[in-house]
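Coordinates in review
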Amino acid sequence: MKNTNIYVDMDGVQAVYGVNDSVETMSEIGYFRNRPVQKNVIEFIKMMLRDQRFHVSILSAVFQDEYSATEKKQWLVENGLGGVKTIFTPCGARKGDYVDGDGMNILIDDYSRNLIDWETCGENFKGIKFDNGINGTKGTWKKRGGIVLSKELSAGEMYGFMRGMVEK
């Protein structure tokens, strides 16, 4: 495949999601900036960035306020991903509407609704659910036969899986 675009969500994938965090908590100044790191995912992204088969971008929803996007950008810089193309979408928007759509487009996200919406954007849009141990309680994505990556995998195992998808 000539063009494989990998879009990686932030909250619940790269940054550990707060299990009991309310929307009010998430909308507080400092929330996004201080999220713990899912280290294996950061290393996985760095591996893909070194592989010319992949065009990696960060694709994350933000609140429509004056600080959420800035905090997320700072978080990416602090965790070694500051130079990666980043696309922020409004919360609740369909993420597929914010990408150009050429080539194969793979979204790695923890939220099934985002993945289902993503795949409605065309045959070249594929979703991969990131099982962070919090989501997936209803089995919506698995019931659809969707692909799942576990937070328990090493960066190398995730990278090997993605290489295998591209080489098919």
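Our subject in this report is the structure included herewith. The structure displayed is predicted, hence computed values, not measured ones.

Quick notes on the overall build of the protein chain
The helix and strand inventory of the protein chain stands at six helices and six strands. In the protein chain, the order of α-helices and β-strands from amino to carboxyl end is β-α-α-β-α-β-β-α-β-α-β-α. For 168 residues, the compact-globule formula gives about 15 Å, and the C-alpha radius of gyration of the protein chain, at 15 Å, lands near that figure. Sorting the 168 residues of the protein chain into buried and exposed places 45% on the buried side.

A look at the nonpolar core
Counting residues in hydrophobic clusters, the biggest one holds 28 residues, and the most contacted among them are Ile6, Val8, Phe44, Met48, Phe54, Ile108 and Met162. Here Phe44 is in contact with Ile108, Ala155, Met158, Tyr159 and Met162, once residues within four sequence places are set aside. By size, the runner-up hydrophobic cluster in this structure holds ten residues, among which are Ile87, Val99, Phe125 and Trp141.

Brief notes about the environment of Leu81
In this fold, Leu81 is placed in the loop between α3 (68-78) and β3 (85-90). Excluding anything up to four places from it in sequence, Leu81 contacts Gln14, Ile42, Ile45, Lys46, Leu49 and Leu76.

Brief notes about the packing of aromatic side chains
All told, the structure shown has five aromatic pairs when counted by the stated rule. On the numbers, 4.9 Å between centres and 65 degrees between planes, the contact of Trp118 with Phe125 is edge-to-face. In this structure, Trp118 and Phe125 share a single accessibility class: buried. Across from the ring centre of Phe32, 4.5 Å away, lies the NZ or CZ of Lys72, which sits over that ring.

Describing the pattern of salt bridges
Under the defined criterion, the tally for this structure stands at twelve salt bridges. Between Arg144 and Glu119 there is a salt bridge, and its shortest N-O distance comes to 4.0 Å. A residue pair is termed long-range when its members are at least 10 positions apart, and Arg144 in the loop between α5 (140-143) and β6 (147-150) and Glu119 in helix α4 (residues 112-119) qualify at 25 residues. On the accessibility criterion, Arg144 (49% relative accessible area) is partly exposed. Three or more residues are tied together by salt bridges with common partners; here these are Asp51, Arg53, Arg163 and Glu167.

Re the pairing of strand β4 (residues 104-109)
Burial within β4 is extensive, with six of its six residues counted as buried. Residue alternation in β4 divides its side chains into two sets, Met104, Ile106 and Ile108 and Asn105, Leu107 and Asp109, and both sets are buried. Bridging between strand β1 (residues 4-8) and β4 involves five bridges; their strand directions are parallel. Along β4, the bridge assignment pairs Asn5 with Asn105. Here β4 pairs with strand β5 (residues 125-131) via five bridges, running parallel. Pairing of Ile108 across the sheet is with Ile128, part of β5.

How each quantity is defined
- Residues numbered from 1 in each chain as written.
- Predicted model: local features only at pLDDT ≥ 70, side-chain atom pairs only at ≥ 80, totals over all residues.
- Heavy atoms only, no water.
- Helix = DSSP H or I, 4+ residues; strand = E, 2+ residues; numbered from the N terminus.
- Rg over C-alpha atoms; globule rule 2.2 N^0.38 Å.
- Buried < 20%, exposed > 50% of the residue type's maximum accessible area, 1.4 Å probe, protein only.
- Core = buried A, V, L, I, M, F, W, Y, C linked by side-chain atoms within 4.5 Å.
- Contact = heavy atoms within 4.5 Å.
- Phe/Tyr/Trp six-rings, centres within 6.5 Å; stacked < 30°, edge-to-face > 60°.
- Lys NZ or Arg CZ within 6 Å of the ring centre and 35° of its normal.
- Salt bridge = Lys/Arg side-chain N within 4 Å of Asp/Glu carboxyl O.
- Pairing = 2+ DSSP bridges.

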